[in-house]
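Per-entry structural report
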Amino acid sequence: MDREPGLSVRLKLTLSYAGFLMLAGALLLVAVWVFLLRYVPDHVVINGPGPFVPNQSDLVRAFAPRAAAVLAFLLVFGLVGGWILAGRMLSPLTRITDATRMAANGSWSHRIQLNGRNDEFRELADAFDTMLARLEAHDAEQQRFAANASHELRTPLAITQTILDVARKDPNRDSGELVERLHAVNIRAIDLTEALLLLSRTDQRSFNGDRVDLSLIAEEATEMLLPLAEERGHNIETSGDITPTIGSHALLLQMTTNLVHNAIVHNLPERGTVWVTTSVHPKTVVLTVENTGEKLTPRLVSTLVEPFQRGTERIRTHHAGVGLGLAIVKSITQAHDGTLTITPRTGGGLQVTVQLPATPTHTGRIEPARA
């Protein structure tokens, strides 16, 4: 943005310091006149010989040149001292400005790191350093996400290209099998694209907040995935309180569905259990999804919310998903000003806890149901 050149802040402060110093000197001279010189008589009558007694005019003639010299000294002293003092005071602002210019050019790795005791400049520098750290982490995450998304999107396209090349080289090959494989690959590409769009939508928070009950959403997601659990021989147990919150019903349903789906798919080979619980607290509502399964290390668990991570294995089955399930859960949770916590269970499996802001209402109890 082009603007007309103006005085620098340092020069403005210098002129302000000098001006205040001159004003203080002038007020001091006025005080001398008001409280001293004006009481001296202009004409002094002396009877007989004696010492010389100056009158008011004599004092003014003697005092005026020296007062002018003092004011001139104060002006020079105010300008020089004010320039030096303003430079020292504004030196942290210069470092902040340089860091801002570097950030504007796309560099996030530098930090201001002002030393000394806390003041307004150091608060600004610390806040700017925090912002730079978040921007650097977000930029690295976006680059990782873009690379992974490109890889994941290239995979179904490469498979499709291979299938088409085989069909073109062997026209007598059974077309039914090729069509089925193309259909499966196309479904996966569509699912991946929709997941990426949903992730982008939640990052932009482009949704309206409505009054919803998280416990009803949990029941809806559980009923939706009950056939999958029965197919794999798992039990789903739901219980909890009425958990009112503000948010998007569709996004919260997607979040809960992803959690329950992951709990079913990443479970024991058979006779596994999934627990879905909701609870209400004075300021938050909590959704907890637990499951049995393999023992996981905290280090592995900390990477599960990264895009395109699929737990301990990356084996693609018809329920393997696209690797964005927990990444979408994290994004939806953050878009609703909530927190996501993932911890490994002692006996194996995961415990995933979502905390969202609660709305003031009455609480009740939902009878436990078991599938």
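Below you will find a few notes about this structure. (Residues numbered from 1 in each chain as written. Predicted model: local features only at pLDDT ≥ 70, side-chain atom pairs only at ≥ 80, totals over all residues. Heavy atoms only, no water.)

**Some details on the pairing of strand β7 (residues 350-357)**
For the record, the criterion: The criterion for strand pairing is that DSSP finds at least two bridges linking the strands in question. A run of DSSP states H or I qualifies as a helix once it reaches four residues; a run of E qualifies as a strand once it reaches two. Both are numbered from the N-terminal end.
Where strand β5 (residues 284-291) lies against β7, 7 bridges are found, and the strand directions are antiparallel. Of the residues in β7, the one forming a bridge with valine 289 is valine 352.

**As for unusual backbone geometry**
The cut-off we apply is this: Three labels apply to residues, based on accessible area from a 1.4 Å probe with only protein chains included: buried if under 20% of the type maximum, exposed if over 50%, partly exposed otherwise in between.
Notably, arginine 271 is not glycine yet its phi reads approximately 55°, a positive angle. Counting through the fold element by element, arginine 271 comes out in the loop between α6 (249-265) and β4 (273-280). For arginine 271, a relative accessible area of 72% translates into the label exposed. The phi angle at aspartate 337 is positive, at roughly 60°, despite the residue not being glycine.

**Details of a nonpolar patch on the surface**
We count it as follows: Each patch is assembled from residues with relative accessible area greater than 30% and no salt bridge, linking like charges that lie within 9 Å and nonpolar side chains (Val, Leu, Ile, Met, Phe, Trp, Tyr) that lie within 5 Å. Under the convention used here, a 1.4 Å probe and the Shrake-Rupley method define accessible areas, while residue burial counts only the protein chains that appear. Every case where a carboxyl oxygen of Asp or Glu lies within 4 Å of a side-chain nitrogen of Lys or Arg is listed as a salt bridge.
Taken together, the side chains of Leu7, Leu15, Leu75, Val76, Leu79, Val80, Trp83 and Ile84 present a nonpolar region at the surface, about 710 Å² in accessible area. Top element by residues in the nonpolar patch is helix α2 (residues 56-104). It accounts for 6 residues. On the accessibility criterion, valine 76 (51% relative accessible area) is exposed.

**Some remarks on empty space enclosed by the protein**
What counts, and what does not: Cavity and pocket criteria rest on a 1 Å grid covering protein atoms alone: a 1.4 Å probe that fits but cannot get out defines a cavity, protein on both sides within 12 Å along at least 5 of 7 lines defines an open pocket, and an atom within 4 Å of a point defines a lining residue. Grid points are joined across faces, edges and corners, and a volume is the space filled by probe spheres set on the points. Ten residues, namely Ala, Val, Leu, Ile, Met, Phe, Trp, Tyr, Cys and Pro, are considered nonpolar, four, namely Asp, Glu, Lys and Arg, are considered charged, and the remaining ones, Gly among them, are considered polar.
All told, the structure shown has 1 cavity of 30 Å³ or more when counted by the stated rule. Estimates place the volume of the largest cavity at around 80 Å³. Along the wall of the largest cavity there are 10 residues; nearest its centre are Ser215, Glu219, Thr238, Ser239 and Thr278. Sorting the residues of the lining of the largest cavity by element identifies α5 (214-232), β2 (235-241) and β4 as the ones contributing at least two each. Each residue belonging to the lining of the largest cavity can be placed in one class, and the counts come to 3 nonpolar, 6 polar and 1 charged.

**Thoughts on the side chain of threonine 278**
Condition: Between two residues, a contact is recorded if the distance between any of their heavy atoms is within 4.5 Å.
Turning to its location among the elements, threonine 278 is positioned in strand β4. Residues in contact with threonine 278, not counting those within four places in the same chain, are Leu214, Ser215, Ala218, Ser239, Gly240, Asp241, Thr243, Val286 and Leu287.

**Describing the pairing of β5**
Within β5, 6 of the 8 residues are buried, which leaves the element mostly enclosed by the surrounding structure. In this structure, β4 lies alongside β5, joined through 7 bridges in antiparallel fashion. Of the residues in β5, the one forming a bridge with valine 274 is asparagine 291. Joining the antiparallel neighbours β4 and β5 is a turn of 3 residues.

**Here's the deal with the nonpolar core**
The line we're drawing: To qualify as a nonpolar core, a set must consist of buried Ala, Val, Leu, Ile, Met, Phe, Trp, Tyr and Cys residues joined through side-chain atoms within 4.5 Å.
Residues Met255, Leu259, Ile264, Val276 and Leu287 are the most contacted members of the largest nonpolar core, which totals 36 residues. Elements with a minimum of two residues in this core: α5, α6, β4, β5, α8 (325-335) and β7. Considering each element in turn, this core owes the most residues, 9 residues, to α6. Setting aside residues no more than four positions away along its own chain, methionine 255 makes contact with Leu214, Leu287, Val329, Ile332, Thr333 and Val354. Grouped together as the second largest cluster of nonpolar side chains are 8 residues, Ala103, Leu114, Phe128 and Leu132 included.

**Some remarks on the packing of α5 against α6**
Heads up, the condition is: Helix axes use the C-alpha atoms of the stretch in contact, all axes being lines fitted to C-alpha atoms, and the angles between their N-to-C directions lie in the range 0 to 180 degrees. A crossing counts as left-handed when the near helix is turned anticlockwise from the far one by less than a right angle, and as right-handed when that turn is clockwise.
Interhelical geometry of α5 versus α6 gives an angle of 35° and a closest axis separation of 9 Å. Relative to α6, α5 is oriented so that their crossing is right-handed. Between α5 and α6, the residues in contact are Leu214, Ile217, Ala218, Glu220, Ala221, Met224, Leu225, Leu228, Ala229 and Arg232 and His249, Leu252, Leu253, Met255, Thr256, Thr257, Val260, His261, Ile264 and Val265, respectively. Among the residues making up the contact of α5 with α6, the classes are represented as 14 nonpolar, 4 polar and 2 charged.

**Some details on the side chain of threonine 243**
Mapped onto the fold, threonine 243 is located in the loop between β2 and β3 (244-247). Residues contacting threonine 243, with those up to four places away along its chain left out, are Val212, Asp213, Leu214, Ser215, Thr278, Ser279, Val280 and Val285.

**Structural notes on α5**
So the rule is basically this: In this analysis, the expected span of each helix is defined as 1.5 Å times one less than the number of residues it contains. A residue's bend is the angle separating two fitted axes: one through the seven residues that end there, the other through the seven that start there.
Compared with the 27 Å implied by 1.5 Å per residue over 19 residues, the 26 Å span of α5 between its first and last C-alpha is a close match. The largest bend in α5 comes to about 45°, at leucine 225, with the proline proline 227 one to four residues further on. Taken together, the buried positions of α5 are occupied by Leu214, Ser215, Ile217, Ala218, Ala221, Thr222, Leu225, Leu228 and Ala229. After α5 finishes, the residue glycine 233 shows a positive phi value of roughly 75°.

**Things to note about the environment of glutamine 334**
Along the chain, glutamine 334 turns up in helix α8. Each C-alpha atom of the pair glutamine 334 and valine 354 lies 10.0 Å from the other, and the pair is 20 residues apart in sequence.

**Digging into α8**
For α8, the buried fraction is high: 8 of the 11 residues fall into the buried class. Considered for burial, the residues of α8 that qualify are Leu326, Ala327, Ile328, Val329, Ser331, Ile332, Thr333 and Ala335. Positive phi shows up at aspartate 337, right after α8, with a value of about 60°.

**What about the packing of aromatic side chains?**
The cut-off we apply is this: Pairing of aromatic rings covers Phe, Tyr and Trp, the last through its six-membered ring, and needs centres within 6.5 Å; plane angles under 30 degrees mean stacked, over 60 mean edge-to-face, and all others mean tilted.
Applying the stated criterion across every chain, the model contains 1 aromatic pair. Relative to phenylalanine 77, the ring of phenylalanine 73 has its centre 5.9 Å away and its plane inclined at 20°; by these criteria the two rings are stacked. Residue phenylalanine 73 and its partner phenylalanine 77 are both found in helix α2; the two are separated by 4 residues, about one turn of the helix.

**Focus: the environment of alanine 18**
With respect to the helices and strands, the residue alanine 18 is situated in helix α1 (residues 9-35). On a C-alpha basis, the gap between alanine 18 and phenylalanine 77 in space is 7.6 Å, while along the polypeptide they are 59 residues apart. Alanine 18 has contacts with Leu75, Gly78 and Leu79, leaving out every residue within four places of it along the chain.

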